[in-house]
Amino acid sequence: MAKWTRLQLAAALMLGLAGPAAADQTTTDTDHATVPVMTALGMRELPAQPQKIVVLDIAAADTLAALEVPIAGLPSRLYVDYLNKQQAKAAPMGTLFEPDFEAIAGLAPDLIVAGGRSSRQVEALSEIAPTIDMTIWGASHVDLALSRLRSYGALMERSAAAATLETAFLAKLEAARAAVDGRGRALIVMTNGPKVTTYGAQSRFGWLHGALNLPEAVIEQPEATSGDEAQTAKAAEAATHGEAISFEYIAQANPDWLIVIDRASAIGQDNQAAAATLDNALVTGTEAWKKGQIIYLDSAAIYIAGGGIQSMTATLEQIRAGFAVGG
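A brief structural summary. Remember, predicted model here, so these are calculated numbers, not experimental data.

For the rest of this paragraph, the subject is the overall build of the protein. In terms of helices and strands, the protein carries 17 helices and 12 strands. Expressed as a percentage of its 327 residues, the buried residues of the protein come to 48%. Long-range contacts, defined as pairs at least 24 residues apart, comprise 66% of the intrachain contacts of the protein with a sequence gap of at least 6. Surface accessibility of the protein: about 15,400 Å² in total, with carbon and sulfur atoms responsible for 52%.

Another aspect to go through is the sheet that holds strand β12 (residues 294-296). Adjacent strands of a sheet pair through backbone hydrogen bonds, lying either parallel or antiparallel. Here 5 strands make up an open sheet; going across it, the order is β10-β9-β8-β11-β12 and the pairing mixed. A single partner strand is all that each edge strand has here, and the edge strands are β10 (243-244) and β12. Here helix α17 (residues 309-325) sits on the sheet in contact with β11 (257-262) and β12, set at roughly 150° to β12.

Inspection of the entire model under this criterion finds 7 salt bridges. Between E174 and R177 there is a salt bridge, and its shortest N-O distance comes to 2.7 Å. A residue pair is termed a helical-turn pair when its members lie 3 or 4 positions apart in one helix, as E174 and R177 do in helix α8 (residues 159-180) at 3 residues. For K291, the salt bridge goes to E287, with nearest N and O atoms at 3.5 Å. Among the residues examined, E287 registers a relative accessible area of 23% and is labelled partly exposed. A single salt-bridge network, built from bridges that share partners, covers K172, E317 and R320.

The next point concerns unusual backbone geometry. Even without a glycine there, the phi angle at E68 is positive, about 60°. With respect to the helices, strands and loops of the structure, E68 is situated in the loop between α3 (58-66) and β4 (73-74). With a phi angle near 70°, Y79 is a residue other than glycine that sits in the positive phi range. Summarising the element assignment, Y79 is placed in the loop between β4 and α4 (84-89). Here Y79 falls in the partly exposed class, since its relative accessible area comes to 34%.

Turning to the packing of aromatic side chains, a few remarks are in order. Here the structure, examined in full by the defined rule, presents 2 aromatic pairs. Seen in terms of ring centroids, W257 and F323 are 3.8 Å apart; in terms of plane orientation they differ by 25°. Their pairing is stacked. Placement of the pair is W257 in strand β11 and F323 in helix α17, with a sequence separation of 66 residues. Among the residues examined, F323 registers a relative accessible area of 0% and is labelled buried. The ring of Y303 has R117 lying over it, and the distance from NZ or CZ to the ring centre is 5.4 Å.

Within the element layout of this structure, E45 appears in strand β2 (residues 42-47). Spatially, the C-alpha atoms of E45 and L155 are 9.8 Å apart, while their sequence positions differ by 110 residues. Aside from chain neighbours lying at most four places away, what touches E45 is T34, V35 and P36. Among the polar contacts listed, one links the side chain of E45 to the side chain of T34, at a separation of 2.9 Å.

Before going further, it helps to examine the pairing of strand β6 (residues 111-114). Burial of β6 is two-sided: the residues L111 and V113 facing one way and the residues I112 and A114 facing the other way are all buried. Across 4 bridges, strand β3 (residues 53-56) lies against β6 in parallel orientation. Paired with L56 across the bridge in β6 is A114. Both β6 and strand β7 (residues 131-133) contribute to a ladder of 3 bridges, which runs parallel. What sits directly across from A114, in β7, is D133.

Calculation criteria
Residues numbered from 1 in each chain as written. Predicted model: local features only at pLDDT ≥ 70, side-chain atom pairs only at ≥ 80, totals over all residues. Heavy atoms only, no water. Helix = DSSP H or I, 4+ residues; strand = E, 2+ residues; numbered from the N terminus. Buried < 20%, exposed > 50% of the residue type's maximum accessible area, 1.4 Å probe, protein only. Contact = heavy atoms within 4.5 Å. Areas by Shrake-Rupley, 256 points an atom, 1.4 Å probe, with all protein chains shown as cover. Pairing = 2+ DSSP bridges. Axes fitted to C-alpha atoms, helices over the stretch in contact; angles between N-to-C directions. Salt bridge = Lys/Arg side-chain N within 4 Å of Asp/Glu carboxyl O. Phe/Tyr/Trp six-rings, centres within 6.5 Å; stacked < 30°, edge-to-face > 60°. Lys NZ or Arg CZ within 6 Å of the ring centre and 35° of its normal. Polar contact = N/O pair within 3.5 Å; in protein donor to acceptor, adjacent residues only side chain to side chain.

And the structure:
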């Protein structure tokens, strides 16, 4: 269902499917403390310790699971193996792009957490229960992710656990920085069967460059002028979906390191594996390939759950370990 209409909401209320938050979004429970939470849409005051939470953002599910917060409802498929335990205990709530509004209303949640792929549904979901958009995006990826971790900790009265997770993450970050220091330039690529895209420092995976001070292996492109709308649009598209490239591009960029994400593997498709896609004369001629400096990341973690504290911590450990054995 693409939209929860007011007519459908009214019908749900009559049948007792929608929770009290949907019936009166303006009612404030003065018996409970509230917690300020910074969301993608600004600051929100939320009642502390919501008991029944529907989560429609995999990064949020990752972080809440790390905090051992019970999750009442999740998308019907997560694609992330380390969240299988949470998936098994939660009721299916449709998909990220098309939530099951009737199932969500029937669960009567105290809070709905959306973000990323489900962010377009925030307005419709807000008619069922208080809904927050916790999208993590852009150059401040790490800062936003840690802010989300702290917010969830405060909201669920698990700030001590959040602080422990943050400390462990920062230790991994420092270790990864030390491992990549002075080791050359890297190119982040994602394969999807035979297709290849690259992701630069301003992209969804660009936090690996920024947070680790890891230089990019790039081919210089002409800068867009203020009136060059086509170039500006192309840059925005590349930041979101990556820039489609050829094997000649990889050869010309000649990275010292290739950091690889296999999209087909992440979403459970049986397409050509990344290693097979990249095994050709142009790529094997690069410094990265000749020196064995190719790091295949856990694609589901970074592509599906990117921004979750478990995902980011594991990704940093993979980077550290990969640089430790390369060359």
